[in-house]
Amino acid sequence: MAMEYESNNWIWDGVYYCPRLFGGLMLTAALLGLSTTYFGGIGLFPLSYVWSDSGIFHKMKCEKKRIRVYMDGCFDLMHYGHANALRQAKALGDELVVGVVSDEEIIANKGPPVLPMEERLALVSGLKWVDQVIANAPYAITEQFMNSLFNEHKIDYIIHGDDPCLLPDGSDAYALAKKAGRYKQIKRTEGVSSTDIVGRILCSVKDTEGGGDYTSTLLNGDSGERCHSQRAQISQFLPTSQRIVQFSNGK
Ligand code: CTP
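Source: prediction; values computed, not measured. (Residues numbered from 1 in each chain as written. Predicted model: local features only at pLDDT ≥ 70, side-chain atom pairs only at ≥ 80, totals over all residues. Heavy atoms only, no water.)

K.L.:
Even after reading the chapter, I still don't get unusual backbone geometry, so can you show me in this structure?
P.N.:
Generally, phi is negative for residues other than glycine and the peptide bonds are trans, each holding for most cases. Phi is positive for Leu77, which is not a glycine, with a value near 50°. Notably, Asn136 is not glycine yet its phi reads approximately 55°, a positive angle. Residue position: Asn136 is located in strand S3 (residues 132–137). (Helix = DSSP H or I, 4+ residues; strand = E, 2+ residues; numbered from the N terminus.)

In C-alpha cells, the structure reads:
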C-alpha cells in the first residue's frame with residue numbers, strides 16, 4: 001500500500017513544488033506521446049510508466065535543502081533582546097536549534113545566572129522561532145562540540161549577536177566557527193541585557209528601601225551613580241509598526 005501511495009504522489013508533489021516545470025514536462029510528454037502514436041511508435045502510457053519507474057520525477061522534485069542554524073546563549077531573565085536575536089537567527093535559515101548554556105559554564109565565564117537551567121530552557125523552548133533546544137550547551141564553541149553540531153545535529157551555521165563574546169582568557173568564543181566559515185552574525189539589540197535587568201531590579205530595591213547594606217554591597221559601592229545612569233538609559237527598541245510586523249505571526 002505504501003508503495004502504491006508513493007508512486008502516485010509524485011504527480012501532486014510535482015504540481016505543488018514546480019508547477020511551471022511540471023506543466024512543461026507534461027506538455028512535452030503529451031507531444032511526444034502524440035507524435036510517437038502518430039508515427040506508429042509507443043504511446044504516452046508506456047513512456048510515462050518508464051519515467052515514473054526509473055524515479056526521474058522523484059529526483060526532479062526541486063526540493064530545497066533545509067538550512068539548520070544554531071544560536072547559543074545564557075538567556076537569563078529572557079528579554080526582548082533575546083527574542084529579537086532568536087527572530088533574526090531563524091530568518092537566516094529554515095530550522096533554528098538553540099543551545100542553552102549550562103549553569104556551571106555561566107558561573108565559570110560570567111557569574112551565577114538568576115534563573116537555573118530548567119527555567120531558562122522552558123522559556124527558550126516556548127518561543128515560536130525555536131524549533132529545537134540543546135540543554136547544557138558549552139559557553140565556548142569547542143572543536144568537539146562544533147563537530148557534534150555539524151555531524152549529529154546537521155547544523156549549517158552558528159549564529160551570535162555582533163557583540164564580542166570573550167572567554168576569561170580574552171579569546172573569542174566563536175573563533176573556531178569563524179575559521180570554519182560557518183559563522184553568521186545578527187544585530188545585537190541595544191539598551192537591554194540580563195546584566196542590565198539585574199542592575200535595574202537592585203536599583204528599584206535601593207529606591208524603595210533607602211539602600212540597605214545588601215544592595216550597596218552588590219553594587220560595589222558606586223550604586224547611586226550606576227542606578228542613575230541605568231534609569232536615564234532609553235531603549236532604542238521602539239515598538240514601531242514595522243517592528244510589530246516583524247514579531248507578529250505574519251497576519
Ligand atoms: N543578544 C542580543 N541583544 C541583546 C542581548 C543578547 O542580540 N540585547 C543576543 C546575544 O548576542 C546572543 C544571544 O542573544 O547571541 C544570547 O545572549 P546571552 O548569552 O543571554 O547574553 P546577554 O543577554 O548579553 O547577557 P548579559 O547581558 O548578561 O551578558
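K.L.:
Could you clarify how one ought to interpret the site of the ligand in this entry?
P.N.:
Taken together, 20 residues lie near the ligand, and His82, Thr189, Val192, Ser193 and Thr195 sit nearest. A distance of 3.0 Å separates an oxygen atom of the ligand from a polar atom in the backbone of Cys74. The backbone of Phe75 places a nitrogen or oxygen atom 2.9 Å from an oxygen atom of the ligand. Protein chains shield 91% of the accessible area of the ligand, which is 570 Å² for the free molecule. Looking at the shell around the ligand residue by residue, the class counts come to six nonpolar, ten polar and four charged. (Near = heavy atom within 4 Å. Polar contact = N/O pair within 3.5 Å; in protein donor to acceptor, adjacent residues only side chain to side chain. Areas by Shrake-Rupley, 256 points an atom, 1.4 Å probe, with all protein chains shown as cover. Nonpolar A, V, L, I, M, F, W, Y, C, P; charged D, E, K, R; others polar.)

K.L.:
What should I look at first to understand the pairing of strand S4 (residues 157–161) in this one?
P.N.:
In summary, the side chains of a regular strand alternate between the two faces of the sheet. For S4, the tally of buried residues reaches four of five residues, placing the bulk of the element in the interior. As paired elements, strand S1 (residues 68–73) and S4 share three bridges and run parallel to each other. Within S4, the position partnered with Tyr70 by the bridge is Ile158. The pairing of S4 with strand S5 (residues 183–186) spans four bridges and is parallel. Bridge pairing in S5 links Ile158 to Tyr183. (Buried < 20%, exposed > 50% of the residue type's maximum accessible area, 1.4 Å probe, protein only. Pairing = 2+ DSSP bridges.)

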